[in-house]
Amino acid sequence: MREVYRVTRRVAVSNASVLILGETGVGKELVAGAVHNLSHRSGRPFVRVNCGALSESLLESELFGHVRGAFTGAVSNRTGRFEAAQGGTIFLDEINSTSLTLQVKLLRVLQEKEFERVGDTNTLRTDVRIIAASNRDLMGEVRAGRFREDLYWRLNVVPIEIPPLRKRRDDIPSLVSHFLDYYNELNDRYVVHIGPGTMEALRNYHWPGNVRELQNYVERAVVMAETDELVHELLPRCVTENQPISTDPMTGESQPRDFQALTKSVVTSGILEAGDSSQELHRNVVDHVERELIAQVLEACGGVQTKAATRLGMNRNTLHKKIKDYGLGD
């Protein structure tokens, strides 16, 4: 983490593009915010966009804006995120979720500093620093043909890789202390002591949701504590029992042992990532799962949509529309 801090401080004073890599919940957005706040752009907007939460057509409009009549429902002109971030920084989270078509347009913004609103012919100039983040191996996505190599190298000027919490367990006591202070003040509580065996259980857990998961459990403990002590009993069973995990044969990463546990883990991560302010939790979580399912089945069927539709038990026209919406191909 000291190396992460060092690189963050060095790159902040430049205008270079930054690519932040790391698992869900490690704090990629915090690092992006730090790069912005330490830069000469700190007095200008810091605009966040979750690329994985929207379909291709909606994401294009969100990023670049649109003009009235550009598509059904476009009743007025709309300013996009690149315009809103003028002079500041735009943070593109889950950049790996963008389609190849949209990646071409992002490459143009990076190289030429210009774009058009959806449905418009006027070219707009932009002065925006781009910070992108991915929870996947982008070079692996390049090799698989799902991410443009030229965009990868344009984004990857300065990479910052954030290690998962299970690889920096010595940080856990400091993080727990920080979150206790924060949620004590937020909830007018006074949980300041750590009970016997509690910190050991926290250190030994595998943390699939990383720092965001730890934050969630500390907040729950502060709210539920009946004394001034964070005791073992306030932690969820997955932590206190250190539920067994297996290793994904494809990635080598730790994961729950059975399908039910894996499903629970995916949903938990989705809830933690969305945060309390999300108003579209169901759509965001379900869309992520559905997109991955369709992508894998389509790949297994050699890209033949009729065959994939039969495998999925889905109408072919419905599948075709979903493939377009998720940016998975033509």
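Caption draft 1: Summary view of the overall build of the protein chain. Scanning the protein chain from terminus to terminus reveals 15 helices and 11 strands. Taking 2.2 N^0.38 as the reference for a compact globule, 330 residues should give roughly 20 Å; the C-alpha atoms of the protein chain span a radius of gyration of 22 Å, in line with that estimate. Reported as C-alpha extents along the three principal axes, the dimensions of the protein chain are approximately 65 × 55 × 35 Å. In the protein chain, buried positions account for 43% of the 330 residues. In the protein chain, once contacts between residues fewer than 6 apart in sequence are set aside, the share between residues at least 24 apart is 70%. Surface exposure of the protein chain reaches about 18000 Å², of which carbon and sulfur atoms provide 50%. Between the centroid of the 41 positive side chains of the protein chain and the centroid of its 44 negative side chains there is a distance of 5 Å.

Caption draft 2: Representation of the side chain of Asn210. Position of Asn210 among the secondary structure elements: in helix α10 (residues 210–224). Take Asn210: its relative accessible area is 0%, and that puts it in the buried class. If sequence neighbours within four positions are ignored, Asn210 has contacts with Glu23, Thr24, Gly25, Val26, Pro164 and Leu165.

Caption draft 3: Molecular detail of the sheet that holds strand β3 (residues 89–93). Read across the open sheet, the 5 strands follow the order β2-β3-β6-β1-β7; overall the sheet is parallel. If you trace the sheet from one side to the other, it starts and ends with β2 (46–50) and β7 (158–161), each paired once. With direction set aside, neighbouring strand axes in the sheet form an average angle of 20°. Pairing of β2 with β3 involves 5 bridges; the strand directions are parallel.

Caption draft 4: The arrangement of the pairing of strand β1 (residues 18–21) in detail. Alternating residues of β1 divide into Val18 and Ile20 and Leu19 and Leu21, and every residue in both groups is buried. Here β1 runs beside strand β6 (residues 129–134); their pairing, made up of 4 bridges, is parallel. Bridge pairing in β6 links Leu21 to Ser134. Alignment of β1 against β7, held across 4 bridges, turns out to be parallel. When the sheet's bridge partners are listed, Leu19 is paired in β7 with Pro159.

Caption draft 5: Spatial organisation of the nonpolar core. If you look at the biggest cluster of nonpolar residues, it comprises 29 residues, and the most contacted ones within it are Leu63, Phe82, Ile90 and Leu92. Broken down by secondary-structure element, the contributors of at least two residues to this core are β1, β2, α3 (56–64), β3, α5 (100–112), β6, α6 (138–143) and α7 (149–155). With residues up to four places along the chain from it excluded, the contact list for Phe82 reads Leu63, Phe64, Ile90, Leu106, Val109, Phe115, Thr126, Val128 and Ile130. The next biggest cluster of nonpolar side chains, apart from the first, holds 25 residues, and it includes Phe179, Leu180, Trp207 and Val218.

Caption draft 6: View of the pattern of salt bridges. Summed over the entire model, instances satisfying the criterion amount to 21 salt bridges. Arg146 serves as the salt-bridge partner of Glu299, at 3.8 Å between the closest nitrogen and oxygen. Here Arg146 lies in the loop between α6 and α7 and Glu299 lies in helix α13 (residues 281–300), a separation of 153 residues in the sequence. Overall, Glu299 belongs to the exposed group, its relative accessible area being 58%.

Quick notes on the rules
- Residues numbered from 1 in each chain as written.
- Predicted model: local features only at pLDDT ≥ 70, side-chain atom pairs only at ≥ 80, totals over all residues.
- Heavy atoms only, no water.
- Helix = DSSP H or I, 4+ residues; strand = E, 2+ residues; numbered from the N terminus.
- Rg over C-alpha atoms; globule rule 2.2 N^0.38 Å.
- Buried < 20%, exposed > 50% of the residue type's maximum accessible area, 1.4 Å probe, protein only.
- Contact = heavy atoms within 4.5 Å.
- Areas by Shrake-Rupley, 256 points an atom, 1.4 Å probe, with all protein chains shown as cover.
- Lys, Arg positive; Asp, Glu negative; His and termini not counted.
- Charge placed at Lys NZ, Arg CZ, Asp CG, Glu CD.
- Pairing = 2+ DSSP bridges.
- Axes fitted to C-alpha atoms, helices over the stretch in contact; angles between N-to-C directions.
- Core = buried A, V, L, I, M, F, W, Y, C linked by side-chain atoms within 4.5 Å.
- Salt bridge = Lys/Arg side-chain N within 4 Å of Asp/Glu carboxyl O.

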